[in-house]
Amino acid sequence: MPEIKKETRQLPNQRTRAEFKADSFNEADRTVEVIFATETAVRTFDWDAYEMVDEVLICMPENGDLKRLNNGAPALDNHNRYGKTSDNVVGVVSDARFENGAGVAKIRFGSSESDTELMNKVRDKIVTGISVGYNVYEYQVTRTEGKIPLYRATKWEATEISF
């Protein structure tokens, strides 16, 4: 049995890639459902410890805080949080929840010309990936000799979803 050592680390805002829910695009409502997080390990870098780590977001209501998403968090163009809001925000997030070990949310596109262009690329399955921005407040870290450390995010908060 590997030794489990609890540590608290401060990492910068993190991102992980996910995908659209198959056939959820609704052109009339200008919406699409996305899977923004799963419990699949994603390799990332812990700059404080200066090491590669495998990170897992635990996708359960007691672990992940979805309040920001459900309060109208932005859907962004490529995690771009700087510059003019009208250029970077392409929609709004709603109905975020955990189901079957995954984070799921609905995104409603804005009505500007560039928002509509992106929506059409989603409809046409040209843009197929999304990513979630999040903050981690607590990890359970497992270190096994000769292996990359496993960081399980047991307390985390989703802050935005990006195309």
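Use the structure listed above.
The sections below set out a description of the structure shown in this document. Because the structure is a prediction, the values reported are computed rather than measured.

## Comments concerning unusual backbone geometry
Unusually for a residue other than glycine, Y50 sits at a positive phi of about 50°. Positive phi is not limited to glycine here, since K125 has a value of about 60°. As for its placement among the helices and strands, K125 is situated in the loop between α3 (113–123) and β10 (129–142). By relative accessible area, K125 is classed as exposed at 58%.

## Quick notes on the environment of D95
Position of D95 among the secondary structure elements: in strand β8 (residues 89–99). Assessed through its relative accessible area of 41%, D95 is described here as partly exposed. The spacing of D95 and N70 is 25 residues in sequence and 5.9 Å in space, taken between C-alpha atoms. Residue contacts for D95: discarding those within four places in its chain leaves E33, N70, V104, A105 and K106.

## Points about the nonpolar core
Across soluble globular proteins, nonpolar side chains show a tendency to be buried alongside one another. In terms of nonpolar packing, the biggest core is built from 34 residues, with V34, F36, L69, W156, I161 and F163 touching the most fellow members. Among the secondary structure elements, those contributing two or more residues to this core are β3 (31–38), β5 (51–57), β8, β9 (102–109), α3, β10 and β11 (150–162). Top contributing element to this core by residue count: β10, with 6 residues.

## Observations regarding the pattern of salt bridges
A full pass over the atoms with the stated rule returns 9 salt bridges. In this structure, E33 and R97 form a salt bridge, with 3.0 Å as the shortest nitrogen-oxygen distance. Residue E33 is found in strand β3, and its partner R97 is found in strand β8; the two are separated by 64 residues along the sequence. Among the salt bridges present, the one from D65 reaches K67, with a minimum N-O distance of 3.7 Å. What makes K67 exposed here is its relative accessible area of 57%. Through salt bridges with shared partners, one network takes in E33, D95, R97 and E99.

## Some words on the side chain of E33
Overall, E33 belongs to the buried group, its relative accessible area being 14%. Each residue touching E33, except ones within four places of it in the same chain, is listed here: F20, K21, S24, D95, R97, V104, A105 and K106.

## Thoughts on the pairing of β8
Summarising the sheet, strand β7 (residues 74–76) and β8 pair through 3 bridges and their orientation is antiparallel. By the bridge assignment, L76 is partnered in β8 with V89. In terms of strand pairing, β8 meets β9 through 7 bridges, oriented antiparallel. Across the sheet, residue S94 finds its bridge partner in β9, namely K106. Counting the residues that bridge the hairpin from β8 to β9 gives 2 residues, and of these N100 lies at a positive phi of roughly 55°.

## Observations regarding the pairing of β9
Buried residues dominate β9, accounting for 6 of its 8 residues. Bridge analysis of β3 against β9 gives 7 bridges, and the strand direction is antiparallel. Bridge pairing in β9 places A37 opposite G103.

## Focus on the packing of aromatic side chains
One pass over the full model with this rule turns up 7 aromatic pairs. The interplanar angle of 65° and the centroid separation of 5.9 Å between the aromatic rings of W47 and Y50 together place this pair among those described as edge-to-face. Both residues of the pair, W47 and Y50, belong to the exposed class. The interplanar angle of 75° and the centroid separation of 6.0 Å between the aromatic rings of Y134 and W156 together place this pair among those described as edge-to-face.

How each quantity is defined
- Residues numbered from 1 in each chain as written.
- Predicted model: local features only at pLDDT ≥ 70, side-chain atom pairs only at ≥ 80, totals over all residues.
- Heavy atoms only, no water.
- Helix = DSSP H or I, 4+ residues; strand = E, 2+ residues; numbered from the N terminus.
- Buried < 20%, exposed > 50% of the residue type's maximum accessible area, 1.4 Å probe, protein only.
- Contact = heavy atoms within 4.5 Å.
- Core = buried A, V, L, I, M, F, W, Y, C linked by side-chain atoms within 4.5 Å.
- Salt bridge = Lys/Arg side-chain N within 4 Å of Asp/Glu carboxyl O.
- Pairing = 2+ DSSP bridges.
- Phe/Tyr/Trp six-rings, centres within 6.5 Å; stacked < 30°, edge-to-face > 60°.

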